[in-house]
Amino acid sequence: MEQKKILIITYYWPPAGGPGVQRWLKFAKYLPEFGWSPVIYTPENPSYPLLDESLLKDVPQNIEIVKTKIWEPYQLAEKLNKSNKKFKAGQFDVGKNQSWKSRLSIWVRGNFFIPDARVFWVKPSIKFLEQYLKENKIDVVVTSGPPHSLHMIGLGLKKKFPDLKWIADFRDPWTEISYYKHLKLTKSSDRKHRQLESAVFKNADITLATSYTDAENFRKAGANAVCITNGFDEEAKGEKVDKQNGKTFTLSYIGVLEQLRNPENLWKALDELIIENKEFGDSFALKFAGRIDDKILQSVENSHLKNYILNLGYISHDKAVEEMANSDLLLITNFPNKSSKGIIPGKIFEYLATGKQIISFGPDEADVSRILTETGAGKHFSYEDLKTVKDFILEKFELWKNGNLLDNTQNIEQFSRRNLTEKLAEILS
């Protein structure tokens, strides 16, 4: 039986690193098992914030990849202020850490590049893909954002081909994401963002959300929304190599950590535990693997934690999964405001696959809390909690000390990439 074709428009594709590339890389890997042949459309010369050559091995053999050039203003932004490099990953300084250059750069980013700095790729891509669709039979088009400019490509193609089935995949929300309120938008810019978002919701045949709350919010905004979370690849579970021979109780953060998701109460809890509990202090290690904001590192290194930090820097995805498997407690953080309760960071699923206990921070009633409860994989806290955080960590430490901190993988198969792709294939048909 001849396979149907799905055109996936994505900015992030190997050798891009970070969580943004994982979702459609894995869908592309498993879609052929369910009758779909993927075609990838991606920039020829992107300005990726992170690179991970190890992900190239996950690109399916013989997959068709179509590329065109993109122009991005990041080189100009970085000349104005070196900290603008963070913009590529949707990060920037906040509060007291903002210089006047940062404030100016954020204002320019929010008001001149709508919806984002990849907007200059929209018109050339619509023109190119209009011709491509006329010459090639494509059954479904997918746009994956952020960057949400890619949804503008989908919107443009939908206007030219009204019968084309278009799926808008929102890995993160648009106007409801936490940093949106920090963009220093004028009223007219805010109105334009919201009008474009609304046009995507109303014109896409299906809007995919990565969390239960986001799907509900998108439906309220007029979208035909369905939730398909991110997940873990069964073939990429980390192998445990106990390098410390059980002598170190290791809490690890794997990934990118910016100022807006800084769990200051956790650092305080750990600081107090080190002072109050000699046995804990003699056994504890705090491991970072990824890109940790300099301001956060400076803050942590000015506490008793200074001598307990192992900072590995950015490492390949394969190594990251290995480091997860060699930890005892895994940290995940979300933005603290209520509007972010629907964000489910992608790494939680790889955390789940390791069977390790998870400590999570974010708003109350978060979707992450629901997942941790369903799987028995850990506990979720608000950014105001302190004593309960200390009690949780101490409880896990005591279990570890006595050899009773056991791995747990209950109810996680629903989040395997293959099972999620099967669910996607049902939606595509």
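In this report, we go over the structure that sits alongside the text. (Residues numbered from 1 in each chain as written. Predicted model: local features only at pLDDT ≥ 70, side-chain atom pairs only at ≥ 80, totals over all residues. Heavy atoms only, no water.)

Core analysis: the biggest nonpolar cluster contains 86 residues, and L7, I9, I153 and I348 have the highest contact counts within it. What L7 contacts, discounting residues up to four positions off in sequence, is V39, Y41, L129, L133, I138, V140, V141 and V142. One finds L266, L273, L331 and F381 within the second-largest nonpolar core, a separate group that totals 32 residues. (Core = buried A, V, L, I, M, F, W, Y, C linked by side-chain atoms within 4.5 Å. Buried < 20%, exposed > 50% of the residue type's maximum accessible area, 1.4 Å probe, protein only. Contact = heavy atoms within 4.5 Å.)

Let us look at the side chain of T375. Looking at the element boundaries, T375 is found in helix α13 (residues 367-375). In this structure the side chain of T375 is engaged in a polar contact, spanning 2.8 Å, whose partner is the backbone oxygen of I371. Among residues more than four places away in sequence, those in contact with T375 are L352, N408, Q410, N411, I412 and F415. (Helix = DSSP H or I, 4+ residues; strand = E, 2+ residues; numbered from the N terminus. Polar contact = N/O pair within 3.5 Å; in protein donor to acceptor, adjacent residues only side chain to side chain.)

Our focus in this paragraph is the pairing of strand β2 (residues 36-43). Within a regular strand, the side chains alternate between the two sheet faces. Here β2 lies mainly inside the structure; 7 of its 8 residues are buried. Between the parallel elements strand β1 (residues 4-10) and β2, the chain passes through helix α1 (residues 22-30) in a crossover that is right-handed. Note that β2 and strand β3 (residues 64-68) share 5 bridges and pair parallel. Looking at the pairing, Y41 lines up with V66 of β3. (Right-handed = clockwise from strand over helix to strand, strands pointing away. Pairing = 2+ DSSP bridges.)

The geometry of helix α4 (residues 122-135) relative to helix α5 (residues 149-160) is characterised by a closest axis approach of 9 Å and an angle of 45 degrees between their N-to-C directions. Between α4 and α5, the crossing angle belongs to the class labelled oblique. Both α4 and α5 take part in a crossing whose hand is right-handed. In this structure, α4 uses V122, S125, I126, L129, E130 and L133 to contact α5, whose residues at the interface are S149, M152, I153, G156, L157 and K160. Its residues assigned to classes, the contact of α4 with α5 comprises 7 nonpolar, 3 polar and 2 charged. (Axes fitted to C-alpha atoms, helices over the stretch in contact; angles between N-to-C directions. Parallel < 35°, antiparallel > 145°, perpendicular 65-115°, else oblique. Left-handed = near helix turned anticlockwise from the far one by under 90°. Nonpolar A, V, L, I, M, F, W, Y, C, P; charged D, E, K, R; others polar.)

Once that is clear, we can look at the packing of helix α8 (residues 264-276) against helix α14 (residues 387-401). Packing of α8 against α14 leaves a shortest axis separation of 9 Å and a crossing angle of 60 degrees. Comparing the axis directions of α8 and α14 gives the class oblique. Considering how the two elements wind past one another, α8 and α14 form a crossing that is right-handed. Residues N265, L266, A269, L270, E272, L273 and E276 of α8 form the contact with α14, whose participating residues are V389, K390, I393 and L394.

Inspection of the entire model under this criterion finds 26 salt bridges. As a salt-bridge pair, K158 and D205 come within 2.8 Å of each other at their nearest N and O atoms. Of this pair, K158 sits in helix α5 while D205 sits in the loop between α6 (187-203) and β6 (206-209), and the two are 47 residues apart along the sequence. Judged by relative accessible area, which is 12%, K158 ranks as buried. Overall, D205 belongs to the partly exposed group, its relative accessible area being 31%. With a closest N to O distance of 2.6 Å, R261 and E258 form a salt bridge. (Salt bridge = Lys/Arg side-chain N within 4 Å of Asp/Glu carboxyl O.)

With that settled, consider the environment of N136. Tracing the chain through its elements places N136 in the loop between α4 and β4 (140-145). For the pair N136 and K5, spaced 131 residues apart in the sequence, the C-alpha separation amounts to 9.5 Å.

Moving on: the sheet that holds strand β10 (residues 309-311). As summarised here, the arrangement of the 6 strands in space is β10-β9-β8-β11-β12-β13, forming an open sheet in which the pairing is parallel. Sheet topology places β10 and β13 (378-381) at the edges, where each strand pairs with a single neighbour. Ignoring strand direction, the axes of neighbouring strands in this sheet form an average angle of 20 degrees. Pairing analysis gives 5 bridges linking strand β11 (residues 329-333) to strand β12 (residues 357-361), with the strands arranged parallel. Residue pairing across strands places T333 opposite F361, the latter belonging to β12. Lying on the sheet, α8 is in contact with β8 (249-257), β9 (284-292), β11 and β12; it crosses β9 at an angle near 155 degrees. Along the sheet, helix α10 (residues 294-301) makes contact with β8, β9 and β10, crossing β9 at roughly 165 degrees.

Read these as layout, nothing more, since geometry by itself doesn't imply function.
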